[in-house]
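Take a look at the letters that make up each chain.
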Amino acid sequence: MAFIIDGKAIANKVKAEVAEGSERLVREFGEEARPNMTLIEVGSDAVSKKLVGMKANDCEMTGIVPTVIALSESTTEEKLLRLIDRLNRDDDVRAILCQLPLPEHISTKKVLAAIAPEKDVDGFSARIDSDDYDVAACTPAAVMRMLRESGVEVAGKHCVVVGRSNIVGKPMAIQLLLNDATVTVCHSKTENIAEHTRRADVLIVAVGRAHFITGDMVKEGAVVIDVGMNYIDGRPTGDVDFASVEPKVSMITPVPGGVGPMTRAGLLVNALKLAERACERNK
Ligand code: GUN
């Protein structure tokens, strides 16, 4: 029987730390130092709206002031870029998040690049050529924290990442490398994926395909982290076929209740860090 890594419990611990950090900042520098987050949503996609609502609620629970700006589906790219420019210049705005996906007529790349790195709460602009990688992409940072909390040391281990998205796969590989892991990244063009996944001490899966990893694709005793969130008949399901994988491995994250709650907690961690840095700059 594998140890089930409880993302919700770890997320609660992280949220308590953030709430404490927010109050510490206010005690030290006054109410104007309180962390805040401006969340931009474009269009009326129900899932995105729900997620933005949950993120704003998380902020409120941890002493971070959220502001939601809801724009219509027909908003032009130019208008969105102008808004981001205004928020970038506004010294009272500490953190900016633009919820993805954006409507097709808007370039995600341009919009994300427009967010000032010192306000990029998603951590999408974290640079690998910088020693300062602590405002990192939330999902990979969440995975690293879950591994640490579960006593998994990645240094020297063979970690296999399945998926190469800009949001998860690529920054995940970098964060593992920065923690001295030996990293293999598999993707849709990789031949014989199972040959790679079977060699993983730590397997991290973010492909967006339900039950993609099955029991025959993992090594006995491996640690498996499932970043996937798919829906089958309205029920959330990961990228890992839990039923066949769990009996073989030493640790595994469930879906739901695994990486999901931790990713959102990672956003709060970043919001606090951005607010702390703003205080340091203004000292
Ligand atoms: N949409 C789905 N996941 C994310 C995320 O991590 N950040 C943003 N901004 N939008 C998302």
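One can find the structure itself at the top, above this paragraph.
An account of the accompanying structure is given in this report.

Basis of the calculations
Residues numbered from 1 in each chain as written. Predicted model: local features only at pLDDT ≥ 70, side-chain atom pairs only at ≥ 80, totals over all residues. Heavy atoms only, no water. Pairing = 2+ DSSP bridges. Helix = DSSP H or I, 4+ residues; strand = E, 2+ residues; numbered from the N terminus. Axes fitted to C-alpha atoms, helices over the stretch in contact; angles between N-to-C directions. Contact = heavy atoms within 4.5 Å. Buried < 20%, exposed > 50% of the residue type's maximum accessible area, 1.4 Å probe, protein only.

The pairing of strands in a sheet happens through backbone hydrogen bonds and is either parallel or antiparallel. In spatial order, the strands read β3-β2-β4; together these three strands make up an open sheet with parallel pairing. The two strands at the open ends of the sheet, each matched to only one other strand, are β3 (65–71) and β4 (96–98). Going from strand to strand, the sheet's axes swing by 15° on average, the running direction of each strand aside. Bridge count for strand β2 (residues 36–42) against β3 is seven bridges, and the pairing is parallel. In the strand pairing of β3, Leu39 is matched with Val68. Here helix α3 (residues 77–89) sits on the sheet and contacts β2, β3 and β4; the angle it forms with β2, its principal contact strand, is near 175°.

Turning to the pairing of strand β7 (residues 202–205), a few remarks are in order. It is a general feature of regular strands that their side chains alternate between the two faces of the sheet. By the alternation rule, side chains of β7 split into Val202 and Ile204 and Leu203 and Val205, which are all buried. Alignment of strand β5 (residues 158–162) against β7, held across four bridges, turns out to be parallel. Opposite Val161, over in β7, you have Ile204 as the bridge partner. Pairing between β7 and strand β8 (residues 223–226): four bridges, direction parallel. If you follow Val202 over to β8, its bridge partner there is Val223.

We now examine the side chain of Ser22. As for its position among the elements, Ser22 is in helix α1 (residues 7–29). Relative accessible area serves as the criterion here: at 0%, Ser22 is assigned to the buried category. In contact with Ser22, not counting residues within four places along its chain, are Pro35, Thr62, Gly63, Ile64 and Leu272.

Taken by themselves, the reported measurements are silent on function.
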